[in-house]
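So you can see what is in the structure, the chains are spelled out below.
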Amino acid sequence: NTDLKAKEGGNNYFVLKNCYVEGAVNIYGHHNSVESCELNGMSVYGNGITERFGVSHDNKYLNNTLYDYKVRAIWSMQYTDNTLIEGNTAHNTGSTADGGMAIDCDAAANNQTRCYVRKNKIYDIKGQGAILFENCFNCSAEENIIYNVKEGIEIINYGPLSETDPSGFTEDGVEYRNTDTNTILKGNLIYNTSLDGISCYGSPGGKSINNTLYKTNTGRGY
């Protein structure tokens, strides 16, 4: 399907459970799950679990262990909806050369909705940070434990890319930096960060509730 927003099609209702994977898992479809698996990037593969586009909705990634990926452990990208990322352990992901983070709800240059990141343990991330929300609306990070990373949680929205505004990024020409995200950050424990524990850029309308942060190198966020 060439329509990136399309909700139907893809490969659906698959369950990958109690497995060991050396490499990557790519999801293009809805109502799929990856549960209780060990995923080893072997310091070769870029991303552990990737789901893409509007056809990827109502997917679950539960209680997996992911490590040694060059960029991301779990990547939900562009028009996805209702993704649950819960109970996973991610470590030794990202690199100083390739950047990256542990969990990225990444609408790229567009938007996505309802990415729920809950009760994950994330540590020793060498890239950008632990959890990143990009143009992600009605999303949440709750009860995650994060330590030994650059940034703990980052929320960022983008606007149109132009010569006069190099901070823009969106391909569809929409200005998302003035739109309430309704993001909720609740009950997260974040410590030993070389940059901010939580940072927010052009992303109004969120809530931060009962988070615990210490030993953070606060410069831009908190």
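Refer to the structure presented above.
So, how was this worked out
Along every chain, residues carry numbers that run from 1 in the direction the sequence is written. With the structure being a predicted model, the display of local features is reserved for residues of pLDDT at least 70 and the display and counting of side-chain atom pairs for 80 or more, all residues being used for whole-chain, interface and lining totals. Heavy atoms throughout the structure, all of them, feed into the side-chain values; hydrogens and water do not. The way it works is that DSSP assigns letters per residue, a run of H or I at least four long becomes a helix, a run of E at least two long becomes a strand, and they are numbered from the N terminus. Residues adjacent in sequence count toward polar contacts only when both atoms are side-chain atoms; beyond that, a polar contact is any pair of N or O atoms within 3.5 Å, and within protein one must be able to donate a hydrogen and the other to accept it. Here, a disulfide means two cysteine sulfur atoms that sit within 2.5 Å of each other. Only protein chains enter the accessibility calculation, which uses a 1.4 Å probe; a residue is then buried when its area is under 20% of its type maximum, exposed when over 50%, and partly exposed in between. We define a salt bridge as a side-chain nitrogen of Lys or Arg found within 4 Å of a carboxyl oxygen belonging to Asp or Glu. Only residues whose relative accessible area exceeds 30% and that take part in no salt bridge are eligible for patches, with like-charged residues grouped when within 9 Å of each other and nonpolar side chains (Val, Leu, Ile, Met, Phe, Trp, Tyr) grouped when within 5 Å. Here the accessible surface of atoms and residues is derived via Shrake-Rupley with a 1.4 Å probe, and residues count as covered only by protein chains that are part of the display. In this description, strands pair whenever DSSP reports at least two bridges between them.

Asks: I keep staring at the side chain of His91 and nothing clicks. Help me out?
Replies: Of note, His91 is situated in strand E11 (residues 89–91). Within the structure, the side chain of His91 is placed 2.8 Å from the side chain of Asn92, a separation counted as a polar contact.

Asks: Please clarify how the state of the cysteines should be interpreted in this entry.
Replies: What is meant by a disulfide is a covalent connection between two cysteines, made through their sulfur atoms. Under the counting rule described, the total for this entry stands at three disulfides. The side chain of Cys19 participates in a disulfide bridge whose partner is Cys37; the two sulfur atoms lie 2.1 Å from each other. The sign of the S-S torsion, about 115 degrees, decides the handedness of the disulfide formed by Cys19 and Cys37: right-handed. Of this pair, Cys19 sits in the loop between strand E1 (15–17) and strand E2 (20–22) while Cys37 sits in the loop between strand E4 (33–35) and strand E5 (38–40); the two residues are 18 residues apart in sequence, bridging distant segments of the chain. Assigned by exposure class, Cys19 and Cys37 land together as buried.

Asks: I tried to follow the pattern of salt bridges on my own but got confused; where do I start?
Replies: Oppositely charged side chains can pair when the atoms bearing their charge come close. Within the structure shown, the criterion is met by five salt bridges. Put simply, Arg72 and Asp104 hold a salt bridge, and the shortest N to O gap is 2.9 Å. Of this pair, Arg72 sits in strand E9 (residues 72–77) while Asp104 sits in strand E12 (residues 101–106); the two residues are 32 residues apart in sequence, bridging distant segments of the chain. With respect to class, Arg72 is no different from Asp104; both count as buried. Between Arg72 and Asp106 there is a salt bridge; the shortest N-O distance is 4.0 Å. Separated by 34 residues along the polypeptide, Arg72 in strand E9 and Asp106 in strand E12 bring together distant segments of the chain. On the basis of relative accessible area, Asp106 is assigned to the buried category, the value being 7%.

Asks: Looking at this structure, how should I read a nonpolar patch on the surface?
Replies: On the surface, Met42, Val44 and Tyr45 cluster together into a nonpolar patch covering about 280 Å² of accessible area. Here Val44 is to be found in the loop between E5 and strand E6 (47–52).

Asks: When you look at the pairing of E12 in this model, what are you seeing that I'm missing?
Replies: The side chains of a regular strand alternate between the sheet's two faces. Summarising burial for E12: six of the six residues are buried, a large majority. Where E9 meets E12, five bridges bridge the pair, whose relative direction is parallel. The residue of E12 that forms the bridge with Ser76 is Cys105. The pairing of E12 with strand E15 (residues 129–134) spans five bridges and is parallel. Bridge assignment links Met101 to a residue of E15, and that residue is Gly129.

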